[in-house]
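# Secondary and tertiary structure notes
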Number of protein chains: 2
Amino acid sequence: MSTQAADDGTPLDASVTSVASDPPASIGGWAVRSADPDYRAAVLDLLGALAYGELSAFERLAEDAKFAPGLVDKAMLARMASNEYQHYQLLHDRLVEVGADPTGVMTPFVEPLEAFHRLTAPADWLEGLVKAYVGDAIATDFYREVAARLDDDTRDLVLRVSGDTGHAQFAVDRIRQAIEDDPRVGGRLALWGRRLMGEALSQSQRVVAQRDALSNLLVGGAEVQGFDLVEVGKMFNRITEAHTRRMAALGLAS
Amino acid sequence: MSTQAADDGTPLDASVTSVASDPPASIGGWAVRSADPDYRAAVLDLLGALAYGELSAFERLAEDAKFAPGLVDKAMLARMASNEYQHYQLLHDRLVEVGADPTGVMTPFVEPLEAFHRLTAPADWLEGLVKAYVGDAIATDFYREVAARLDDDTRDLVLRVSGDTGHAQFAVDRIRQAIEDDPRVGGRLALWGRRLMGEALSQSQRVVAQRDALSNLLVGGAEVQGFDLVEVGKMFNRITEAHTRRMAALGLAS
C-alpha cells in the first residue's frame, strides 16, 4: 500500500489526511469469508474496537463541549459527538445482524480506550480541539489501512463510519486562529499533539499484543499465519508519518 | 384545552404523559402570522428557548452516560443525547431560515437552563434516569401546551422535536426494576422527582417574568394584550398534575 505524500505548500483540508489512497482489490463478501472462524473472529474484534471507539469518542466530545467559548462552538462539538454516536449505531446494528453480542465484542477494548482518554484529558478548549482533530485523523488512517484487508461488506461499513464527521476543517480553522492570536500557543499544542500520538501508539500496541485475531488481520489478512510485529510496526509508522504531516500543516512541529 | 386523565390501572407508557390531546385549530401559517412583529418576537423567543433546551439536554444526557452501569445503558443515554442534538439542529436551521441569529435568540435562556441543571445535578445513575424521564416529559407537556397557540409551520416543527426520543419506556423499566430490587430507593427518588419539578417551575417562572413576548404567547396567542399571570399559573398547574400522575404510575409519591 502506498502512502500519500502531502505537499507542504497546499492548504490543509480533511482530504490531505489519508495515508492510503489505492482502491483495494476485493477479497469477496462477508457471506463467503466469514465461513473461516479466524476471519470472523478478527472482524468481530475490529467492529467491537471501532464501536467502542465511537461510543467513547461521543463521550469525550460531549465532555469537551463544556469548554466551548460560545454557543456556536458548543453546538459544533455536540454535532461531532452526535455523528460519532450515529457511527456507533451502524456498527452496533451490524454486530447484531451477524449474530454477535455487541457488549461482548466491545468489552476487551473498553480498558485500553479509557486508559487513552484518562491519560489525554484535555486541559482546555484548544487541547480538546487538537485531540478531536488528531484523534479523528488517526482513527480514519487506521480504518483505511484496515479496510484494504476486509471483505466487501465489512469494508463498505468501515469506510462509511470513517467518513469525515465534518469537523476537521472547523478544528483546523480554530487552532490556526489561536496560534495566530498568540504564537506561544503553538509550542504548547505541538507538545500536546506529540503526547496524543504517543499515548495512541502505546494503547494500540497493547491491543495488538492482546488480540491475536485482530493482529493477524492487520498484518495482511487472516490467511497470514503467525503474528508479524514488523508489519504492524510499519503500519504504525505510516500512521505516525501522516500525523507528522498534519501537525506540520497546522504549524505545529511534532 | 382538556387534560388527559391517566388511569392508574393501565401500564405506564410514553403516551400516557401528555397533558393536551385535542388537535388545535389552525391560526394560519408563518408567512401570514409573522407579519405581526410581536408574534414573530414571541416565536423566536420560543424557538430560542427550545433550541438551547435541546443543546443543554444533549450535554446533560451525555454527562449522565458516565454513570451508566454498563455498555448497553451507556449507549442508550448516548442515543438519547444524540436525538436531542438532532432536535437542536432542526430548531437551529429553522431560526436561520427565518432570518434570526440562533446564538442571539438562545442567549437569554442559557442562564435559567444552566441554573436548573446546576441545582439538579444527579448524584447517581438512577437520579440521572429520573431526571431524563421527568425532564423530557415536562418539556413535551410544555411543547404541546404551546403548540396549540402557534402558526401551522411553527407548530409542525415544535411537535416534531417533542416526539418521543425513545427513552421514556427505557427509563421507566430501569427505575421500576431498581425500586423492586430495593424499595427504599423509591422514597429517595420520590423526593428527587419533587425537587426536579420544583426547580423546573422556579426557573420557568423566572423566564415568564422576564420574557413578555413569550409569556403573551403562552397565555393565549400574541393578540392577547397584557400579561396574565393567572393563565400562566393554570398552564403550570396542568403540567404539574401530569407530572404527579407520572410519578404515581412509577410508584413514586410526589
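As the structure is a computational prediction, the values presented were derived from the model and not from experiment.

### Notes on the relation of the copies chain B and chain A
- Mapping chain B onto chain A leaves a residual RMSD of 0.0 Å; the transformation is a rotation of 180° accompanied by 0.0 Å of translation along its axis. Look at the turn and shift together and you get a two-fold axis relating the two. Closest to the rotation axis within chain B is the C-alpha of Ser-82 of chain B, separated from it by 2.4 Å.
- Interface residue correspondence from chain B to chain A reaches 100%, placing this contact among same-surface, isologous pairings.

### Topic: the packing of aromatic side chains
- All told, the structure shown has seven aromatic pairs over all chains when counted by the stated rule.
- Seen in terms of ring centroids, Tyr-85 of chain A and Tyr-88 of chain A are 5.7 Å apart; in terms of plane orientation they differ by 40°. Their pairing is tilted. Placement of both Tyr-85 of chain A and Tyr-88 of chain A in helix H3 (residues 71–97) is noted, with a separation of three residues, approximately one turn of the helix.
- On the basis of relative accessible area, Tyr-88 of chain A is assigned to the buried category, the value being 3%.
- An aromatic cluster is defined as three or more aromatic residues linked by ring pairs; in this entry it consists of Phe-58, Tyr-85 and Tyr-88 of chain A together with Phe-58, Tyr-85 and Tyr-88 of chain B.

### Focus: the packing of helix H3 (residues 71–97) of chain B against helix H4 (residues 102–119) of chain B
Residues and elements named next belong to chain B.
- H4 packs onto H3 with a crossing angle of 125° between their chain directions and a minimal axis gap of 9 Å. Accordingly, the angle class assigned to the pair H3 and H4 is oblique. Contacts between H3 and H4 involve Tyr-88, His-92, Leu-95 and Val-96 from the first element and Pro-102, Val-105 and Met-106 from the second.
- Along the lines of polarity and charge, the residues of the contact of H3 with H4 split into six nonpolar, one polar and no charged.

### Digging into the environment of Ala-200 of chain A
All names here are of chain A.
- Looking at the secondary structure, you find Ala-200 in helix H8 (residues 184–210).
- The exposure class assigned to Ala-200 is buried, which follows from its relative accessible area of 16%.
- For the pair Ala-200 and Phe-116, spaced 84 residues apart in sequence, the C-alpha separation works out to 6.6 Å.
- The contact partners of Ala-200, leaving out residues within four places of it in the chain, are Phe-116 and Ile-138.

### Some thoughts on the side chain of Lys-131 of chain B
Residue and element names in this part refer to chain B.
- Relative to the elements of secondary structure, Lys-131 occurs in helix H5 (residues 125–147).
- Of the side chains with opposite charge, Asp-64 lies nearest to the buried Lys-131, which makes no salt bridge, at 6.3 Å.
- Once residues within four sequence positions are removed from consideration, Lys-131 is found in contact with Phe-116, His-117, Thr-120, Pro-122, Asp-136, Trp-192 and Leu-196.

### Some remarks on the interface of chain B and chain A
- Of the residues lining the interface, 24 residues belong to chain B; the matching set on chain A comes to 24 residues.
- In total, chain B and chain A occlude about 1,900 Å² of area from one another, counting both sides; carbon and sulfur atoms represent 66% of this.
- The interface formed by chain B and chain A holds four salt bridges in total.
- A salt bridge links Glu-59 of chain A to Lys-74 of chain B, with the shortest nitrogen-to-oxygen separation between them at 3.2 Å.
- In this assembly, chain B and chain A are joined by seven residue pairs in polar contact (both at pLDDT 80 or more).
- A total of twelve residues in the side of chain B that touches chain A trace back to one element, the largest contributor, which is H3 of chain B.
- Across the side of chain B that touches chain A, the residue classes break down as 14 nonpolar, five polar and five charged.

### What to know about the pattern of salt bridges
- Evaluated as defined, the whole model comprises 26 salt bridges over all chains.
- The closest approach of N and O atoms between Glu-63 of chain B and Lys-66 of chain A, which form a salt bridge, is 3.0 Å. On the criterion of chain membership, the pair formed by Glu-63 of chain B in helix H2 (residues 37–64) and Lys-66 of chain A in the loop between helix H2 (37–64) and H3 is interchain, its members lying in two chains.
- Accessibility expressed as a relative area gives 39% for Lys-66 of chain A, which makes it partly exposed.
- A salt bridge links Arg-118 of chain B to Glu-111 of chain B; the shortest N-O distance between them is 3.5 Å.

### With respect to the packing of H2 of chain A against H3 of chain A
All names here are of chain A.
- Orientation of H2 relative to H3, taken along the N-to-C sense of each, is 160°, at an axis distance of 8 Å. Our classification of the angle between H2 and H3 gives roughly antiparallel. You can see that H2 and H3 cross each other, and the crossing is left-handed. Every residue of H3 that contacts H2 at Leu-44, Leu-47, Leu-50, Ala-51, Glu-54, Leu-55, Ala-57, Phe-58, Leu-61, Ala-62 and Asp-64 is listed here: Leu-77, Met-80, Ala-81, Ser-82, Glu-84, Tyr-85, His-87, Tyr-88, Leu-91, Arg-94 and Leu-95.

### Details of the confidence of the model for chain A
Residues and elements named next belong to chain A.
- Per-residue pLDDT for chain A has a mean of 82; in total, 84% of the residues score no lower than 70.
- The least confident element of chain A is helix H9 (residues 212–218), whose mean pLDDT is 73; the most confident is H3, at 94.
- Predicted confidence is poor over residues 1–18, with pLDDT under 50, and the contacts of this stretch with residues over four places away or in other chains come to 36 contacts.
- Residue range residues 222–227 is modelled with pLDDT below 50. Its contacts to residues more than four positions away, or to other chains, number twelve contacts.
- With pTM at 0.80, the complex prediction returns an ipTM value of 0.74.

### Focus: the side chain of Asp-151 of chain A
Residues and elements named next belong to chain A.
- For Asp-151, the location among the structural elements is in the loop between helix H5 (125–147) and helix H6 (152–161).
- Among buried Asp, Glu, Lys and Arg side chains, Asp-151 stands out as unpaired, with Arg-94 the closest opposite charge at 5.2 Å.
- Of note is the side chain of Asp-151, whose polar atom sits 2.5 Å from the side chain of Tyr-39.
- At 2.7 Å, the side chain of Asp-151 forms a polar contact with the side chain of Thr-154.
- When near neighbours in sequence (up to four residues on either side) are disregarded, Asp-151 contacts Ile-27, Gly-28, Gly-29, Trp-30, Arg-33, Tyr-39 and Val-43.

### Focus: H4 of chain B
All names here are of chain B.
- With 18 residues, H4 ought to run about 26 Å at 1.5 Å a step, and its terminal C-alpha atoms sit 26 Å apart, in line with that.
- Considering bend angle alone, the principal kink of H4 is centred on Phe-109 and spans about 40°; proline Pro-112 follows within four residues of it.
- Residues Pro-102, Val-105, Met-106, Phe-109, Pro-112, Glu-114, Ala-115, Phe-116 and His-117 constitute the buried set of H4.

Each value, and the rule that gives it
- Throughout, residues of each chain are indexed from 1 in the direction in which the sequence is written.
- Here every chain gets a letter starting at A, and every ligand a number starting at 1, in the order they are written.
- Predicted model: local features are reported for residues with pLDDT of at least 70 only, side-chain atom pairs are reported and counted for 80 or more only, and whole-chain, interface and lining totals are derived from all residues.
- Only hydrogens and water are removed before side-chain values are computed, so all heavy atoms of the structure are retained for them.
- When the copies are overlaid, the least-squares fit takes in C-alpha atoms only where the residue has pLDDT of at least 70 in both copies.
- The contact definition used throughout considers only heavy atoms, calling two residues in contact when any of these lie within 4.5 Å.
- In summary, the pairing rule links any two rings of Phe, Tyr or Trp, Trp by its six-membered ring, whose centres are within 6.5 Å, and it sorts them by plane angle into stacked for under 30 degrees, edge-to-face for over 60 and tilted for everything else.
- Helix numbers and strand numbers start at the N terminus; a helix is a DSSP run of H or I with at least 4 residues, a strand a run of E with at least 2.
- Relative accessibility under 20% of the residue-type maximum defines a buried residue, over 50% an exposed one, and the middle range a partly exposed one, all with a 1.4 Å probe and only protein chains included.
- In this analysis an axis means a line fitted to C-alpha atoms, helices contributing only their contacting stretch, and an angle means the value between N-to-C directions, from 0 to 180 degrees.
- Put simply, angles under 35 degrees are roughly parallel, angles over 145 are roughly antiparallel, angles from 65 to 115 are roughly perpendicular, and the rest are oblique.
- In this classification, Asp, Glu, Lys and Arg are treated as charged, Ala, Val, Leu, Ile, Met, Phe, Trp, Tyr, Cys and Pro as nonpolar, and every other residue, Gly included, as polar.
- The positive count covers Lys and Arg only, the negative count covers Asp and Glu only, and His and the chain ends enter neither.
- A pairing counts as a salt bridge when a side-chain nitrogen of Lys or Arg comes within 4 Å of a carboxyl oxygen of Asp or Glu.
- Once two parts are brought into contact, the accessible area they lose, counted with a 1.4 Å probe and summed over both, makes up the buried area.
- Here a polar contact means two N or O atoms within 3.5 Å. Within protein one must be a hydrogen donor candidate and the other an acceptor candidate, and residues neighboring in sequence count only if both atoms are side-chain atoms.
- What makes a crossing left-handed is the near helix being turned counterclockwise from the far one by less than a right angle; a clockwise turn instead makes it right-handed.
- Confidence scores labelled pLDDT are given residue by residue by the predictor and lie between 0 and 100.
- Helix span, expected: 1.5 Å multiplied by one less than the number of residues in the helix.
- Bend at a residue means the angle formed by two fitted axes: the first through the 7 residues ending at that position, the second through the 7 residues beginning there.

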